[in-house]
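Take a look at the letters that make up each chain.
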Amino acid sequence: MLTIAQEIFDAIVAHAKRDHPDEACGVVAGPEGSDRPVRFIPMVNAAGSPTFYEFDSTELLQLYKDMDARDEEPVVVYHSHTATEAYPSRTDIGLASEPNAHYVLVSTRAHGNSGGPVEFRSYRIIDGVVTEEQVTIVPLTNPQQTEEASTP
Amino acid sequence: MAIEVRIPTILRTYTDGAKAVEGAGGTLSALIDDLEGNHPGIKDRLVEDKSGSIDLRRFVNVYINDEDVRFIGGLDAELSDGDQVVVLPAVAGG
């Protein structure tokens, strides 16, 4: 199960809507082993594409160095689908390389850049096997977490 | 000649869980062969056969002292003692 704060859920959805019709992508980091996604880090989709996403290689290195220095790991890896359902594509499954991460898929196909609900679903992807999991949204209770969150 | 190689989570099955291992080699290609000697199977996760020649896999990023090796010669990129190599799978999908 993915437990995620309302603010971070909202930030992911806002990022996906903003970048529509291109795919949006990013990470929510958290203390290693905690399973708590607390630091929202939107990334640039270097592919700039409605059907593909990829972190820029230099930004990817910086991201992992930052997380390493903070004893964090990517608790959530998110991206959007802009014309299809919020389910991992074959490419998503083939390239998933964080066995500890929750892979969050957001679909903006219904409302694009405008308001309105989006599909927000979460999966484990391990060795090519996709397992959907429940998403629980909780109010942000620890003010420390707000301070840790990066501004987009 | 010791070169520190940072190993991503997904490849730690080849390093008994170690986050970093030491290797040797004057080029990235030689380093990968050296790693394969101590951690059998790891090479195939880093390189692939592309029409007869061995090249880095498209969705594996390797950095030498923070430089993406694709900009400094790929598998022929030179290494010296004390260099730090980081391996990171691309975060990508469709």
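Model, not experiment: these values are computed from the prediction.

For the rest of this paragraph, the subject is the UniProt feature "domain: MPN" (unreviewed entry) in chain A. When the UniProt feature table is mapped onto this chain, "domain: MPN" (unreviewed entry) is found at residues 1-129 of chain A. A distance of 16 Å separates the end C-alpha atoms of residues 1-129 of chain A, which is 26% helix and 33% strand.

This paragraph deals with the environment of V28 of chain A. Residue and element names in this part refer to chain A. In this fold, V28 is placed in strand β2 (residues 25-31). The exposure class assigned to V28 is buried, which follows from the 28 C-beta atoms found within 10 Å. Put simply, V28 and V75 are 47 residues apart on the chain and 5.9 Å apart in space, counted from C-alpha to C-alpha. If near-sequence neighbours (up to four positions away) are discounted, V28 is found in contact with I8, P37, R39, F40, I41, V75 and V76.

Residues and elements named next belong to chain A. Most of strand β5 (residues 72-81) is tucked away: 10 of the 10 residues are buried. Bridge count between β2 and β5: seven bridges; the pairing is antiparallel. Note on β5: the bridge partner recorded for C25 is H79. Direction of pairing for β5 relative to strand β6 (residues 102-107): parallel, over a ladder of six bridges.

What follows is about the sheet that holds strand β7 (residues 84-89) of chain B. With mixed pairing, five strands are arranged side by side in an open sheet as β2-β1-β7-β5-β6 (chain B). Each edge of the open sheet carries a strand with a single partner, namely β2 (20-23) and β6 (67-68) of chain B. Of the pairings in the sheet, the one linking strand β5 (residues 60-64) of chain B to β7 of chain B comprises five bridges and is antiparallel in character. What sits directly across from I64 of chain B, in β7 of chain B, is V85 of chain B. Docked against the sheet, helix α2 (residues 57-69) of chain A engages β5, β6 and β7 of chain B, running at close to 105° with respect to β7 of chain B. Strands β1 (3-6), β2, β5 and β7 of chain B of the sheet are contacted by helix α1 (residues 28-38) of chain B, whose axis makes an angle of about 110° with β2 of chain B.

Residue and element names in this part refer to chain A. Mapped onto the elements of the fold, V138 is located in strand β9 (residues 135-138). Residue classification places V138 among the exposed residues on the basis of 11 C-beta atoms within 10 Å. For the pair V138 and Q62, spaced 76 residues apart in the sequence, the C-alpha separation amounts to 30 Å. Apart from the residues within four sequence positions on either side, V138 is in contact with T3, A5 and Q6.

In this section: the pairing of strand β7 (residues 119-126) of chain A. Every other side chain in a regular strand lies on the same face of the sheet, so the side chains alternate between the two faces. All names here are of chain A. One ladder, built from five bridges, connects β6 with β7; its direction is antiparallel. Bridging across to β7, Y103 finds its partner in Y123. One ladder, built from five bridges, connects β7 with strand β8 (residues 129-133); its direction is antiparallel. Note that in β8 the partner of I126 across the bridge is V129. Connecting β7 to the antiparallel partner β8 that follows it, the hairpin turn spans two residues, and D127 within it adopts a positive phi of roughly 50°.

Now for the interface of chain A and chain B. Each side of the interface is counted separately: chain A has 20 residues, and chain B has 15 residues. Within the residue set of the side of chain A that touches chain B, elements represented by two or more residues are β4 (53-54), α2, β5 and α3 (90-95) of chain A. When residues in the side of chain A that touches chain B are grouped by element, the largest group, five residues, is from α2 of chain A. Relative to strand β8 (residues 92-93) of chain B, β4 of chain A is paired through two bridges, and the arrangement is antiparallel. In the strand pairing of β8 of chain B, Y53 of chain A is matched with G93 of chain B.

Moving on to α1 of chain B. All names here are of chain B. Taken together, the buried positions of α1 are L28, L31, I32 and L35. Buried residues of α1, seen end-on, are gathered within an arc of 100° and therefore sit on one face of the element. Contact partners of the buried residues in α1: β1, β2, α2 (42-46), β3 (47-50), β5 and β7.

What counts and what doesn't
- Residues numbered from 1 in each chain as written.
- Chains lettered and ligands numbered in written order.
- Predicted model: local features only at pLDDT ≥ 70, side-chain atom pairs only at ≥ 80, totals over all residues.
- UniProt positions renumbered as here; feature names shortened; annotations may be inferred.
- Helix = DSSP H or I, 4+ residues; strand = E, 2+ residues; numbered from the N terminus.
- Buried ≥ 20, exposed ≤ 12 C-beta atoms within 10 Å, placed from the backbone.
- Contact = placed C-beta atoms within 7 Å.
- Pairing = 2+ DSSP bridges.
- Axes fitted to C-alpha atoms, helices over the stretch in contact; angles between N-to-C directions.
- Arc of directions from axis to C-beta.

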